[in-house]
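# Commentary on secondary and tertiary structure
What follows is the residue order along each chain.
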Amino acid sequence: MLAHYMAGDPRAPLVVLVHGVTGSATTWAELIEHLATRYYVAAVDMLGHGLSPRYSESELFSPGDAGAAAFEETLEYLVHTHNAQAYASQERDVRGAIAVGSERSLHEEPAGQGSSTPTPSCDAHVHAPECSIPERSSWERVTPDIQAHRTKAILIGHSMGGSVVASVASRRPDLVSGIILEDPAWNSPEQEAEYRTHTDEYLSYAKRVWLGNPVATVTQNVEERGLRTPDFDQPGSDGSHGWTAADHHGWAFAKPLVDLNLIASGVTSVSQPWQEIAQALTVPTVVITSNGSEIVVGKRGAAEIAALGNPYISVEFIDGVGHNIRHSAPSEYVAIVDRYLTQWQPQ
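Residues numbered from 1 in each chain as written. Predicted model: local features only at pLDDT ≥ 70, side-chain atom pairs only at ≥ 80, totals over all residues. Heavy atoms only, no water.

### Focus: the overall build of the chain
A tally of regular secondary structure across the chain gives 13 helices and nine strands. Burial statistics for the chain: of 347 residues in total, 48% are counted as buried. Across the chain, every contact between residues at least 6 apart in sequence was considered, and the portion connecting residues at least 24 apart equals 76%. Total accessible area computed for the chain in this model is approximately 16200 Å², and 55% of it derives from carbon and sulfur atoms. (Helix = DSSP H or I, 4+ residues; strand = E, 2+ residues; numbered from the N terminus. Buried < 20%, exposed > 50% of the residue type's maximum accessible area, 1.4 Å probe, protein only. Contact = heavy atoms within 4.5 Å. Areas by Shrake-Rupley, 256 points an atom, 1.4 Å probe, with all protein chains shown as cover.)

### Observations concerning the confidence of the model for the chain
Detailed reading of the predicted model is not advised wherever pLDDT is low. Of the residues in the chain, 80% reach a pLDDT of 70 or more, and the chain-wide mean stands at 85. Every residue in residues 111–149 scores below 50 in pLDDT, and together they form 36 contacts with partners more than four places removed in sequence or on other chains. (pLDDT = per-residue confidence, 0-100.)

### Regarding helix 13 (residues 330–344)
With 15 residues, helix 13 extends 21 Å from end C-alpha to end C-alpha; this agrees with the ideal 21 Å at 1.5 Å per step. Those residues of helix 13 not exposed but buried are Tyr333, Val334, Ile336, Val337, Asp338, Tyr340, Leu341 and Trp344. If you follow the buried residues of helix 13, they end up packed against helix 1 (29–35), strand 4 (153–158), strand 5 (176–182), strand 8 (285–289), strand 9 (313–317) and helix 12 (325–328). (Expected span 1.5 Å × (residues − 1).)

### Remarks on the packing of aromatic side chains
If you walk through the whole model with that rule in mind, you get four aromatic pairs. The interplanar angle of 40 degrees and the centroid separation of 5.1 Å between the aromatic rings of Tyr195 and Tyr202 together place this pair among those described as tilted. For Tyr195, a relative accessible area of 19% corresponds to the buried category. Judged by centre distance (6.1 Å) and plane angle (85 degrees), the ring pair of Tyr205 and Trp210 falls under edge-to-face. The side chain of Lys255 reaches across the aromatic face of Trp210, ending 5.0 Å from its centre. Sitting over the face of the ring of Trp28, Arg326 holds its NZ or CZ atom 3.8 Å from the ring centroid. (Phe/Tyr/Trp six-rings, centres within 6.5 Å; stacked < 30°, edge-to-face > 60°. Lys NZ or Arg CZ within 6 Å of the ring centre and 35° of its normal.)

### Comments concerning the pairing of strand 9
By the bridge criterion, five bridges tie strand 8 to strand 9 in an arrangement that is parallel. Residue pairing in the sheet places Ile288 in a bridge with Glu316 of strand 9. (Pairing = 2+ DSSP bridges.)

### Focus on the environment of Asp338
Position of Asp338 among the secondary structure elements: in helix 13. The spacing of Asp338 and His34 is 304 residues in sequence and 9.8 Å in space, taken between C-alpha atoms. Contacts of Asp338, omitting those with residues within four sequence positions, involve His34, Leu35 and Arg38.

### Comments concerning the sheet that holds strand 5
Spatially, 1-3-2-4-5-8-9 is the arrangement adopted by the seven strands of the open sheet, whose pairing is mixed. Strands with a single pairing partner mark the edges of an open sheet, and in this sheet they are strand 1 (4–7) and strand 9. Between one strand axis and the next, the sheet turns by 20 degrees as a mean value, whatever way the strands run. Pairing geometry for strand 1 and strand 3 (residues 40–44), over four bridges, is antiparallel. Following the sheet pairing, Met6 is matched in strand 3 by Ala42. With respect to the sheet, helix 11 (residues 298–308) is in contact with strand 8 and strand 9, its orientation differing from that of strand 9 by roughly 160 degrees. The strands that helix 13 touches are strand 4, strand 5, strand 8 and strand 9; relative to strand 5, the one it contacts most, it runs at about 170 degrees. (Axes fitted to C-alpha atoms, helices over the stretch in contact; angles between N-to-C directions.)

### Some points on the pattern of salt bridges
A full pass over the atoms with the stated rule returns eleven salt bridges. Two residues, Glu224 and Arg225, come together in a salt bridge whose shortest N-O distance is 3.8 Å. Taken together, the shared-partner salt bridges in this structure form one network comprising Glu72, Glu76, Arg171, Arg172 and Asp174. (Salt bridge = Lys/Arg side-chain N within 4 Å of Asp/Glu carboxyl O.)

### Thoughts on the nonpolar core
In terms of nonpolar packing, the biggest core is built from 41 residues, with Val16, Phe71, Leu75, Leu155 and Ile179 touching the most fellow members. Only strand 2 (14–18), strand 3, helix 2 (63–106), strand 4, helix 4 (160–171), strand 5 and helix 10 (274–280) provide two or more residues apiece to this core. (Core = buried A, V, L, I, M, F, W, Y, C linked by side-chain atoms within 4.5 Å.)

In structure tokens:
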């Protein structure tokens, strides 16, 4: 079971967030705050990240697939738990409505003056004909009608998390009502080779800075990504809008908690070709990408997605930002997310 954080009303539709490689649930802080007013949000720490278990020796032979298997198990738990919570909440509301109706019947005037017929003791557990039980339509109005959607979740994944989300959704549409992929790790062969070429460099940096100098972890990211406050927006060196303090701290918090064996493996995705996964998707799918620096999908990937001809997949572009789209263009990103969540879940 993977570690996960919950926010929002358990009676609301379930949204599950999955971070990218070397991230954690804390990287979603701003989006969690936004979504938790209307949804029940679960933010997961992937295998080898955050507070979740480290990779076993055997799992490191295929860490992307091991992570996907662990997430599938956790998703199944989250969906079934949410289903049980929703049912229990509805049950309590129904019993409350019945109790109100029964209490009302206790105070009604007897049928005839001087009648010796005793009034039954009516409560939520009594079903005597004399007890007043509300019509079905009255208790149906007590809680939102979530029956059609409560057994499934919407998944939102970034980078590696997007790859995992798509992989699991393609195999388990019974658990998923829709997925949003923020520049998923649907790498080209060239991108895969480039990442593996720099594995030793990434590992050395992680040991030297992420584990050895937490202050530099934050300050270097602020220099590169910029800083946005209510009073000013200092762009990063990549030219995009600055990140918030919560973005920076959530990102930096995750770094020393990464299993270094994952970085050493050079793997950022599942082993199945992403084109096969995308072709197999039968749930509504949105890919959010851009044309800025460090982008994985971009125009190249968008063209490949279109060529697959899968009607369940659509692509949304946010111009001029990097791989961490939600941090650099939060307003545009949230507008897209809200639009699709509104389509996929009851209000």
